[in-house]
Amino acid sequence: MMNDTNELQRQILEVIALIPFGKVATYGQIAKLAGLPKHARLVGTVLKNLDEGSQLPWHRVINSQGKVSTINLDENGENRQLKLLKNEGVLLENHKIKLKDYQWIF
DNA sequence: GATCAGGCTCTAA
DNA sequence: ATTAGAGCCTGAT
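*Asks:* It is not clear to me how the protein's contact with DNA strand B should be interpreted in this structure. Could you clarify?
*Replies:* Not every one of the 14 residues close to DNA strand B is listed here, only the nearest: Y27, G28, K48, S64 and T70. Close to the protein, within 4 Å, the atoms of DNA strand B are drawn from sugar and phosphate at a rate of 41%. Contacts to DNA strand B include G28, whose backbone N or O atom sits 2.8 Å from a phosphate oxygen. Contact distances for DNA strand B include 3.1 Å between a sugar or linking oxygen and a backbone N or O atom of S69. When contributions to the surface near DNA strand B are tallied by element, the ones reaching two or more residues are α2 (27-33) and α3 (40-49). It is α3 that provides the largest number of residues to the surface near DNA strand B, a total of 5 residues. The residue makeup of the surface near DNA strand B, split by class, is 5 nonpolar, 7 polar and 2 charged.

*Asks:* What is the right way to look at the packing of aromatic side chains in this model?
*Replies:* Given two aromatic rings, one states the distance between the centres and the angle between the planes to describe the pair. Applying the stated rule across the entire model yields 1 aromatic pair. With a centroid separation of 5.5 Å and an interplanar angle of 90°, the aromatic rings of W104 and F106 are classed as edge-to-face. On the basis of relative accessibility, which here comes to 9%, the residue W104 falls in the buried class.

*Asks:* What am I meant to see in unusual backbone geometry here?
*Replies:* A positive phi is found at N94, a non-glycine position, where the angle reads about 55°. Assignment of secondary structure puts N94 in the loop between α4 (80-87) and α5 (99-102). With relative accessibility at 71%, the residue N94 sits in the exposed group. The backbone phi angle of H95 is positive, close to 65°, even though this residue is not glycine. Accessibility expressed as a relative area gives 71% for H95, which makes it exposed.

*Asks:* Could you clarify how one ought to interpret the protein's contact with DNA strand C in this entry?
*Replies:* In the vicinity of DNA strand C, the contacting residues are T5, K38, H39, R41, L42 and K96. Close to the protein, within 4 Å, the atoms of DNA strand C are drawn from sugar and phosphate at a rate of 94%. Within the side chain of H39, one N or O atom sits 3.4 Å away from a sugar or linking oxygen of DNA strand C. Side-chain polar atom of K96 to a phosphate oxygen of DNA strand C: 2.8 Å apart, as the coordinates give it.

*Asks:* Would you explain the nonpolar core in this entry?
*Replies:* Looking at soluble globular proteins, one finds that nonpolar side chains tend to be buried together. I12, I16, I19, I30, V43 and V61 are the most contacted members of the largest nonpolar core, which has 17 residues in total. If you list the elements that add at least two residues to this core, you get α1 (5-16), α2 and α3. Counting residues per element, this core draws most heavily on α1, which supplies 4 residues. Excluding residues within four positions of it along the chain, I12 makes contact with I30, A34, L36, L42, V43 and V46. Within the second largest apolar cluster, 7 residues are counted, among which are V24, I62, L85 and Y102.

Basis of the calculations
Residues numbered from 1 in each chain as written. Chains lettered and ligands numbered in written order. Predicted model: local features only at pLDDT ≥ 70, side-chain atom pairs only at ≥ 80, totals over all residues. Heavy atoms only, no water. Near = heavy atom within 4 Å. Polar contact = N/O pair within 3.5 Å; in protein donor to acceptor, adjacent residues only side chain to side chain. Helix = DSSP H or I, 4+ residues; strand = E, 2+ residues; numbered from the N terminus. Nonpolar A, V, L, I, M, F, W, Y, C, P; charged D, E, K, R; others polar. Phe/Tyr/Trp six-rings, centres within 6.5 Å; stacked < 30°, edge-to-face > 60°. Buried < 20%, exposed > 50% of the residue type's maximum accessible area, 1.4 Å probe, protein only. Core = buried A, V, L, I, M, F, W, Y, C linked by side-chain atoms within 4.5 Å. Contact = heavy atoms within 4.5 Å.

Have a look at this one:
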């Protein structure tokens, strides 16, 4: 099967769009659901190049250790991703998200 | 092309 | 529970 780069990206974005409110998914999980098992890092790259205008729930993507892997601070010096998650009721416990409770089960 | 770095993950200690 | 190291693949130099 021939996969164009943009095609891969599209598939990834599609899956991310499905993550429900109040839930999170890991990079690896997204890659897998998109049918691209070993592309966890690509997911990260795609999100990085994503601009803020995007309506995608990019903040619901975290790493397998239950941590957020970006720095992205707002004007108040707060991490945007954590803030957004907090707004959805996804809380931290010792700087980590309990995947056991919040991970999106497809 | 060859190399390197990157919003990762698994596994072993 | 952390963490270092090795894999993996893609995109940038």
